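One letter stands for each residue in the lines below.
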Amino acid sequence: MLVVSKIPDRKNEKIKPFCSLQNALEYLEHHPEEERKILVQPGRYQEQVTVSVSGVEIMGTSSNAAKETIITYGLAAREILSDGKKRGTFRTYTFFVNADKVTIKNITIENSAGPGEEAGQCIALYADGDRLTVDSCRLLGWMDTLFTAPLPPKEIEKNGFAGPKQFAPRRDTCQYYKNCYIEGEVDFIFGGATAYFENCTIYSKDIRQEVKGYVTAPSTPEGKKYGYVMEGCRFISNCPDQTVYLGRPWREWGQVVLLRCEIGSHIKAEGWDDWGKEQAHSRSFFAEYCCTGPGAGLSARPDWCHVLDKKEAEDYRKEKVVYWIGAECSGQSQESV
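Source: prediction; values computed, not measured.

S.K.: How should the sheet that holds strand S20 (residues 213–218) be read in this particular structure?
M.R.: Backbone-to-backbone hydrogen bonds pair the strands of a sheet. The strands run either parallel or antiparallel. What the seven strands build is an open sheet, ordered S5-S8-S11-S14-S17-S20-S23; its pairing is parallel. For this open sheet the edge positions go to strand S5 (49–51) and strand S23 (244–247), each flanked by a neighbour on one side alone. Within the sheet, the average angular offset between the axes of one strand and its neighbour, ignoring direction, is 15°. Both strand S8 (residues 95–97) and strand S11 (residues 125–127) contribute to a ladder of three bridges, which runs parallel. Bridge pairing in S11 links Phe96 to Tyr126. Sitting on the sheet, helix H1 (residues 21–30) touches S5 and S8, and the angle it makes with S5 is about 25°.

S.K.: Is there a simple way to explain the nonpolar core in this structure?
M.R.: The nonpolar side chains of a soluble globular protein tend to be buried, and buried together. Core analysis: the biggest nonpolar cluster contains 60 residues, and Phe95, Tyr177 and Phe197 have the highest contact counts within it. No other element matches the five residues that H1 contributes to this core. Leaving out residues up to four positions away in the same chain, Phe197 has contacts with Leu146, Tyr177, Ile182, Ile189, Tyr228, Val229, Met230, Glu231 and Cys233. The next biggest cluster of nonpolar side chains, apart from the first, holds 16 residues, and it includes Leu259, Leu308, Val322 and Trp324.

S.K.: I would appreciate a short explanation of the sheet that holds strand S13 (residues 138–140) in the present structure.
M.R.: On the basis of which strands lie adjacent, the open sheet formed by eight strands has the order S4-S7-S10-S13-S16-S19-S22-S25 and parallel pairing. The open sheet has two edge strands, strand S4 (43–46) and strand S25 (262–263), and neither has a second partner. Here strand S22 (residues 234–237) runs beside S25; their pairing, made up of two bridges, is parallel. Counterpart to Arg234 in the pairing with S25 is Glu262.

S.K.: Sorry, what's going on with the confidence of the model for the protein here?
M.R.: Detailed reading of the predicted coordinates is not advisable wherever pLDDT is low. In this model, the protein carries a mean pLDDT of 95, and residues with pLDDT of at least 70 account for 97%. Ranking the helices and strands of the protein by mean pLDDT puts strand S14 (residues 146–148) first, with 99, and helix H7 (residues 323–329) last, with 76. Low pLDDT, under 50, characterises residues 333–337; the predicted model gives this stretch seven contacts beyond four residues in sequence or across chains.

S.K.: Would you explain the pairing of strand S17 (residues 186–191) in this entry?
M.R.: Taken residue by residue, a regular strand's side chains alternate between the two faces of the sheet. Burial analysis of S17 places six of its six residues in the buried class, the great majority of the element. In terms of strand pairing, S14 meets S17 through three bridges, oriented parallel. Following the sheet pairing, Thr148 is matched in S17 by Gly191. Across four bridges, S17 lies against S20 in parallel orientation. Across the sheet, the residue bridging to Gly191 is Pro218, located in S20.

S.K.: What exactly am I supposed to notice about the pattern of salt bridges here?
M.R.: Oppositely charged side chains are able to pair whenever their charged atoms sit close together. For the coordinates displayed, the defined rule picks out 20 salt bridges. In this structure, Asp187 engages Arg248 in a salt bridge whose closest nitrogen and oxygen atoms are separated by 2.8 Å. Here the residue Asp187 occupies a position in strand S17, and Arg248 occupies one in the loop between S23 and strand S24 (255–259), the gap between them amounting to 61 residues. What makes Asp187 buried here is its relative accessible area of 7%. On the basis of relative accessibility, which here comes to 10%, the residue Arg248 falls in the buried class.

S.K.: What is the right way to look at the environment of Pro32 in this model?
M.R.: The residue Pro32 is located in the loop between H1 and strand S3 (37–40) in this model. Owing to a relative accessible area of 52%, Pro32 belongs among the exposed residues under this scheme. Sequence separation between Pro32 and Pro42 is ten residues, and the spatial gap between their C-alpha atoms is 26 Å.

Basis of the calculations
- Residues numbered from 1 in each chain as written.
- Predicted model: local features only at pLDDT ≥ 70, side-chain atom pairs only at ≥ 80, totals over all residues.
- Heavy atoms only, no water.
- Pairing = 2+ DSSP bridges.
- Helix = DSSP H or I, 4+ residues; strand = E, 2+ residues; numbered from the N terminus.
- Axes fitted to C-alpha atoms, helices over the stretch in contact; angles between N-to-C directions.
- Contact = heavy atoms within 4.5 Å.
- Core = buried A, V, L, I, M, F, W, Y, C linked by side-chain atoms within 4.5 Å.
- Buried < 20%, exposed > 50% of the residue type's maximum accessible area, 1.4 Å probe, protein only.
- pLDDT = per-residue confidence, 0-100.
- Salt bridge = Lys/Arg side-chain N within 4 Å of Asp/Glu carboxyl O.

Printed below as a string of structure tokens:
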């Protein structure tokens, strides 16, 4: 058993102790015979983490682990590097998942760089893994807190995707976020993955702008059946009423579907913004079903957005979107998918 602790216990021969999560992950890379499970004891670990081990489980251990077990770093997109260039969005991550079948549970992942108007984009979790499960975690940041890969096919500006996957082939990923707390300001859940968010709390932070933020910014690839699906989630905030959008399309095929969510008064009556992309009116898919709360009114929603009926909403059940859960429910093994 691999255990990460601020003060490792080296007396117990049944465990392998490490002072940092990254050291434990590197050990697993070189020892594939070891159980792929890492227990993280309470503490504040200031480190930039890359997960390259498929099938690994990373779990906080205390009763209030999500608040007591914190992986934090503070890189910012506007930082000038030694070559005179800005760091850019995709090199700011605190925690980079670059492997499949990874599970993260009961941990806080934080980018502490600060508000976007000062730091620019600052990713807490860069999630580039298929069959990724993030359970009962806190994802903390400001602008661009959670990136769900893949990147869009092309950059709009040169080197806009500078980072670990800038030139890598784009591949589909499916991700599952359960009982998580996710906070940020502008576009703080963004990317091209199919991602299912179940019973998550999504918190918009107040900033010094008239429009306080946008929760989602999907870049769903053309032809994908699903983008973001959020079921039973709570959209809350300390922002004034009617100052935050539910989302906008980072690329024109972006998709977000809200099912039975509770939407706070901070959400604007329009709900969704097109980011100036006229083509998104016919290509994107932003939809709601049976949502409640003061921000859930539909009368002012744009005519290019959708209201699902019961039959249409059935097509967005978890077992259909998160394909490996659907396979388990039907009796298939994951390997046969």
